[in-house]
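# Coordinate analysis (summary)
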Amino acid sequence: MTWRSPLALVRDALRGQRARENELRSLESNLPYEGLEKGKQPNRYFPSNAIKTTKYSLLFFIPMNLYEQFHRLANLYFVGLVILNFIPEVNAFQPEIALIPICVILSLTAMKDAWEDFRRYQSDRKLNNMPCFIYSRKEKQFVERHWKDVRVGDFVKVVCNEIIPADLLLLYTSDPNGVCHIETANLDGETNLKQRTAHPEFEPESFNGILVCEKPNNNLNHFKGYVEKPDKQKVGAGIESLLLRGCTVRNTDHAVGFVVYAGRETKSMLNNSGPRYKRSKLERRLNIDVLFCVILLFTMCLIGALGHYLWLNAMPVVPPYLVPPTSGQLDRPSLTSFYMFFTMIILLQILIPISLYVSIELVKIGQIFFITNDIDLYDEETDSRIQCKALNITEDLGQIEYIFSDKTGTLTENKMVFRRCSIMGTEYPHKENAINLLIKETEVVPDGKLFQKISRTSSGSLSHSQKTDAYLDFFLALAICNTVVVSMATTKRRRVSRHRTFTEDSEENFQPSGQTEGVDTTGLQPCSPHPPSLSDEPALTSDNLRYEAESPDEAALVYAAKAYGFTLLSRTPDSVSVRLPSGEVLDFEVLDTLTFDSNRKRMSVLVRHPITKEYVLYTKGADFAIMELLGTPYPGNGNKKNIATVTQRHLDCYAKEGLRTLCIAKKVQNHTLSYLPNAMAAIENRERLVMDTAVQLEKNLTLLGATGIEDRLQENVPDTIQALREAGIKVWVLTGDKPETAVNIGYACGLLEDEDLVINMGCKDKITCTNILDCTLEEVRRYNADPRNVDTTQNMSLVIDGLTLDKALSPDLLDRFVALVKHCRAVLCCRVTPLQKSRVVKVIREKLKVMTLAVGDGANDVNMIQAADIGIGISGQEGMQAVMASDFAISHFKHLKKLLLVHGHWCYTRLANMIIYFFYKNVAYVNLLFWYQFFCGFSATAMIDYWLMIFFNLFFTSVPPIMFGLMDKDISAEMLLGVPELYKTGQGEGDYRFTTFWVSILDAFYQSLVCFFVPYFVYQDSDIDMFTFGTPMNTSALFIILMHLSIEIKSWTVVHWIIMLGSVALYFIVTLAYSAVCVTCNPPSNPYWILQSQMEDPMFYLICILSTVVALLPRYRVCHSLSSVGLKIFNCPEFWGSRQCYFSLMLPFS
């Protein structure tokens, strides 16, 4: 290795940074540079394929982990107090003792972080050492290497069922049509196969072009690049030619690709951002109360410092027990009191609960365990349970006020059934499909009248005119205009063994130029240009075909065409084969496919008809996207306006029935446009150029007909929405469907009711939108001002389309729109885009300051899910993009009911009560030390041994509150589901309110006063020592704090008894042992045999019993009175007729 100067290294690093940050990068093949040093490699500036997701290294783990933990202000606070305790002038007790609590907390957290990082290290090592095959110019073949050895510019070979190691530009496949099938489940959860197309005329050693591509990004659905040949010809490359790292090759023997992105620059790694971190509403409130505790602590310390100053000034002479420092002179009272301020901070530091944050994390982990193991949230059909991905917002489930839901696949099953169609103005109802509720999307019963017409048209040998019949074109469009992948239902996804043996008569190997024939030492099947033999596979028939579609709509249309005899047999990037009812097979040449996008709202396929040789464009899409593009009518079928009008009438009827509608159209032209290759080869503005090309093609269309597809409601959706409404949650539905379809589903699912005043906002201009908003708001104000409407709300719902929503969300109308929807029971947004969905969620969350939840099942719901406080994905028929972007994932919409009303309520009340109890416990205990200062000259002296003080919070009283936060049930699950109104206790301020916190703090002050002054008055005028006075006080404090928790616990189990009694037993065992062996553990104090002597004195038991009873009597009386009132109301005959009465009286329990 040659020596390089530091300046050259810096210069090379800067060049590498510029190369990686450029918007475009040029990549060359590594083969001509094989064996050269790294400095001469053309792609040396780009990262290798090795990945590293660990946060720490073995050498720097301790400093890096401490740096990470010190980002928490609480840890910095306690470390600062430990450092302060090492200063002789202000230390309260032995500095080493002060280190114990923070060291325990930091050590436990470090052990958890180390274990998590070690698991990441093991995962990285496993991935980096996975085998793969890289082409070697020296060995003239693919050789086995590891994933970490792959570099940008290499040629990599992947075989069937193998995971792709890096992002590859597909150059060659074993399929004769140049198609490679991949499964992207590891990236987006979709298990349906996707096709990728190889670039023609490329072989490893003869590859002398330059690949120009965009900078790496995390968009899984887009890639822009082109290959520039030596003759400057550019061949465009898009996502349809890119094999992404993490995908799995299926049904393809092998494929060869050029490495475009490697390692951390691959799209899968750029999407791997790790677990999401969201701060819950309760956590934000907790931080405010910690600040109040800091203020309270400083106030108490200031009182202590001032008291010490007054005490010193009140002394006529210096007492003998005040020992001067080495200088021989006592400090001035003002300086001494200044020091005492910091000493008091050290003494009273446990007022800030050091273990609270760790306890909260443990409780949340336990809550997630209970949620994921709830059998009611398990889906037996898919063998899936609820997934919790955001570990720190479980309590937010109990505070939701607004739910934003998608419709298709969320409220409905997203299992499409072909119900009705209209062809050239004639409607065919398909009544059999409507009657049979159990029919599957693969089972379409043809309409008798339409089937007879198709049979007559297609009988015998078809003439040229019959080949262009409108009915045949309609079903050809259903079969062709899609991206469905055809496979055989009787054949499983093909698996290829990694190691194979070959005979001498094997098929001819695919060899790069210059390669000599020989044995493939990789153990893989050689790349062959011929298809593998399918002699062992069953014959291809209509009965064993299987269609894998990216959306259920496409599959339903293809199965409908198949039911009428138009069977899609195969699809390649360049052709599609359809069997007609007559048995004749037509092979269409595919010239171009314009995929669906949210702007055009349609997709098209341009083919060459095999008989007429015409260029035919088949298009399907939303009615408004097709109707505005209509041109000439179908030959021999009259006026296009009449057909369009009748078809639109049919579409409106379909929508009112809740069916999903699509328009089908075609266009015949004598030539094809040559714009697309130029558009695909462009890097800048590629999307706009492709869109312009699509617009050029998709105009002057001929309407063929329309379809109506049924998407049935999921089970128990109306019951779930009704329960959520009773719980005080407003439900919005945001969908891309027609308003008529959405309204029909709204009534079916109970979102809209017959007695509702439904406001339909469909405005073409902003002035009309403004007038509707103003008039409606004025009507709401009049209704609220009417004395007859006191304590009532108007049942008002809003239906608004996407165009009107854009106007309503404009800055000058936004406040009026928010004011209107605030009074609506339900809002139904139709024809909205994914960006509009997310914007609506953000507007409501920010303007109304409410807790929001978004639920969806598709990729178009991801923005909405991520914009809400809680995002829930439903694992449905549209892949797993929504699930992967969500905080929680469920199988059905009905699971929301128990997730929110039961688990959400429990998680919130448990955590809120635990946090309040934590503050109470620490304030009550630390006040004992504070009251003692009034009798010891505010000298920061403690009447309890320092070690026992540490053990008190670290061991004796640490487990019961965690158990309380994990297992307490203030109300049973049956009651929460039966009376959804109980959920309202968590909304708004909820249980964890400003008043609740301060009432608990005042109760802690009262109990500490009782706990201190009962033994004080008992031992008054006696000659007992300091620890003899403090031991019964410490024991009484334990009983009071644990008995206080016993009053708060609503449901007792064996675990509760074990932990509570175990804490008491642990206290006595540890304290007795400590008193027996620790003679001078904390000089000059002497805690030896203190508790043993106390337990021999009856006065000790009297103090403990009296202090506990007097301290807890007020709280017990209040809780007992509230319980009696609640039971009386629960048992009254009018209870079930007036839930609101019960709800209002049950509020104090939470």
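Residues numbered from 1 in each chain as written. Predicted model: local features only at pLDDT ≥ 70, side-chain atom pairs only at ≥ 80, totals over all residues. Heavy atoms only, no water.

### A short note on the overall build of the chain
As a reminder of what qualifies: Going along the chain from the N terminus, every DSSP run of H or I of four or more residues is numbered as a helix, and every run of E of two or more is numbered as a strand. Whether a residue is buried, partly exposed or exposed follows from its accessible area with a 1.4 Å probe, protein chains only, as a fraction of its type maximum: under 20%, in between, or over 50%, in that order. Contact definition: two residues touch when any of their heavy atoms are within 4.5 Å.
When helices and strands are counted, the chain shows 36 helices and 33 strands. Counting the 1150 residues in the chain, one finds 54% classified as buried. Once local pairs closer than 6 in sequence are excluded, the contacts in the chain between residues at least 24 apart make up 74%.

### Overview of the sheet that holds strand E22 (residues 585-594)
What counts is decided by this rule: Note: two strands are recorded as paired if DSSP finds a minimum of 2 bridges between them. Helix axes use the C-alpha atoms of the stretch in contact, all axes being lines fitted to C-alpha atoms, and the angles between their N-to-C directions lie in the range 0 to 180 degrees.
With respect to topology, 9 strands assemble into an open sheet ordered E17-E16-E26-E25-E24-E23-E22-E21-E20, the strand pairing being antiparallel. Both outer strands of the open sheet, strand E17 (426-428) and strand E20 (567-571), are each paired with one neighbouring strand and no more. When the angles between neighbouring strand axes are averaged without regard to direction, this sheet yields 25°. Judged from the 7 bridges that link them, strand E25 (residues 660-669) and strand E26 (residues 702-710) form a sheet pairing that is antiparallel. Bridge pairing links leucine 662 to threonine 707 in E26. Across the face of the sheet, helix H13 (residues 470-480) comes into contact with strand E16 (417-423), E17, E20, strand E21 (575-579), E22, strand E23 (602-608), strand E24 (615-621), E25 and E26 while running at roughly 55° to E26. Packed on one face of the sheet, helix H14 (residues 552-563) meets E16, E20, E23, E24, E25 and E26 and runs near 110° to E26.

### Focus: the confidence of the model for the chain
As a reminder, the rule being used: For every residue, the predictor reports its confidence as pLDDT, a number between 0 and 100.
For the chain, the mean per-residue pLDDT works out to 82, and 85% of the residues sit at or above 70. Within the chain, the element-level pLDDT minimum falls on helix H36 (residues 1139-1146), averaging 40, and the maximum on helix H27 (residues 895-933), averaging 95. A low-confidence stretch, residues 494-538 stays under pLDDT 50, and its non-local contacts, those more than four residues away or across chains, total 88 contacts. Note on residues 1127-1150: pLDDT is under 50 here. Beyond four places in sequence and across chains, it has 36 contacts.

### What about the packing of aromatic side chains?
To be explicit about the condition: Within 6.5 Å between ring centres, the rings of Phe, Tyr and Trp (the latter by its six-membered ring) count as paired, and their orientation is classed by plane angle as stacked under 30 degrees, edge-to-face over 60, tilted in between.
Counted according to the given criterion, the structure contains 54 aromatic pairs. Taken together, the ring pairs in this structure connect Tyr932, Phe935, Phe1012, Phe1013, Tyr1016, Phe1017 and Phe1029 into an aromatic cluster.

### Describing helix H20 (residues 739-748)
Taken together, the buried positions of H20 are occupied by Thr741, Ala742, Val743, Ile745 and Gly746. One or two residues past the end of H20 sits glycine 750, with phi positive at roughly 85°.

### Quick look at the side chain of serine 268
The following threshold applies: As used in this structure description, the phrase polar contact means that two N or O atoms lie within 3.5 Å; if the pair is within protein, one of them must be able to donate a hydrogen and the other to accept it, and residues adjacent in sequence are counted only when both atoms belong to side chains.
Relative to the elements of secondary structure, serine 268 occurs in helix H6 (residues 267-270). Taking the relative accessible area as the measure of exposure, serine 268 reaches 14% and is therefore buried. At 3.5 Å, the side chain of serine 268 and the backbone oxygen of arginine 245 are in polar contact. What serine 268 contacts, discounting residues up to four positions off in sequence, is Leu187 and Arg245.

### Digging into the sheet that holds strand E8 (residues 210-214)
With antiparallel pairing, 4 strands are arranged side by side in an open sheet as E1-E8-E9-E10. The sheet is open, and its two edges are formed by strand E1 (24-27) and strand E10 (234-237), each paired on a single side. If you compare each strand with its neighbour and ignore which way they point, the axes differ by 20° on average. When E1 meets E8, the two strands line up antiparallel, connected through 4 bridges. Bridge pairing in E8 places arginine 25 opposite cysteine 213.

### Brief notes about the packing of helix H7 (residues 281-313) against helix H9 (residues 356-372)
Put simply, the test is: To sort the angles, those under 35 degrees are grouped as roughly parallel, those over 145 as roughly antiparallel, those from 65 to 115 as roughly perpendicular, and the leftovers as oblique. For any helix crossing, the convention is left-handed if the near helix is rotated counterclockwise from the far helix by under a right angle, and right-handed if that rotation is clockwise. Put simply, Ala, Val, Leu, Ile, Met, Phe, Trp, Tyr, Cys and Pro go in the nonpolar bin, Asp, Glu, Lys and Arg in the charged bin, and everything else, Gly too, in the polar bin.
One way to put it is that H7 packs onto H9 with a least axis distance of 13 Å and a crossing angle of 160°. When the axis of H7 is compared with that of H9, the two are roughly antiparallel. In the packing of H7 onto H9, the handedness of the crossing is right-handed. Facing H7, whose interface residues are Glu283, Leu286, Asn287 and Val290, H9 presents Leu356, Tyr357, Ile360 and Lys364. Residues belonging to the contact of H7 with H9 are distributed by class as follows: 5 nonpolar, 1 polar and 2 charged.

### With respect to the UniProt feature "active site" (unreviewed entry) in the chain
In plain terms, the rule: UniProt positions are given in the numbering used here, feature names are shortened, and annotations may be inferred rather than shown by experiment.
In the numbering used here, UniProt assigns the "active site" (unreviewed entry) feature to Asp406. When neighbours within four sequence positions are excluded, aspartate 406 is seen to be in contact with Leu411, Leu734, Thr735, Lys837, Val855, Gly856, Asp857, Asp861 and Met864.

### Let's talk about the packing of H27 against helix H28 (residues 946-956)
To describe two helices that pack against each other, one gives the angle between their axes and the distance between the axes. Look at H27 against H28: their axes get within 12 Å of each other, and the N-to-C directions meet at 170°. In terms of orientation, H27 and H28 fall into the roughly antiparallel class. On the side of H27, the interface is formed by Lys921, Asn922, Tyr925 and Leu929, while H28 contributes Leu948, Met949, Phe952 and Asn953.

### Quick word on the pattern of salt bridges
A side chain with one charge can pair with a side chain of the opposite charge if their charged atoms come near. We count it as follows: Any Lys or Arg side-chain nitrogen found within 4 Å of a carboxyl oxygen on Asp or Glu counts as a salt bridge.
One pass over the structure, following the stated rule, counts 39 salt bridges. A salt bridge links glutamate 23 to lysine 215, with the nearest nitrogen and oxygen atoms 3.6 Å apart. Taken together, the residues span a long stretch of sequence, with glutamate 23 in the loop between helix H1 (6-21) and E1 and lysine 215 in the loop between E8 and strand E9 (225-228) at a distance of 192 residues. Here glutamate 23 falls in the exposed class, since its relative accessible area comes to 54%. Put simply, aspartate 812 and lysine 766 hold a salt bridge, and the shortest N to O gap is 3.0 Å. One end of the pair, aspartate 812, is in the loop between helix H22 (802-808) and helix H23 (814-821); the other, lysine 766, is in helix H21 (residues 766-785), and 46 residues separate them in sequence. Overall, the relative accessible area of 46% leaves aspartate 812 in the partly exposed class. Residue classification places lysine 766 among the partly exposed positions, given a relative accessible area of 35%. One network of salt bridges, in which partners are shared, links Arg419, Arg420, Glu427, Glu657, Glu710 and Arg712.

### Notes on unusual backbone geometry
Within the chain, asparagine 161 stands out as a residue other than glycine whose phi angle is a positive 70°. Checked against the element boundaries, asparagine 161 lands in the loop between strand E4 (155-159) and strand E5 (167-173). For histidine 430, which is not glycine, the phi dihedral falls at a positive 55°. Looking at the element boundaries, histidine 430 is found in the loop between E17 and helix H10 (431-435). Residue classification places histidine 430 among the buried residues on the basis of a relative accessible area of 1%.

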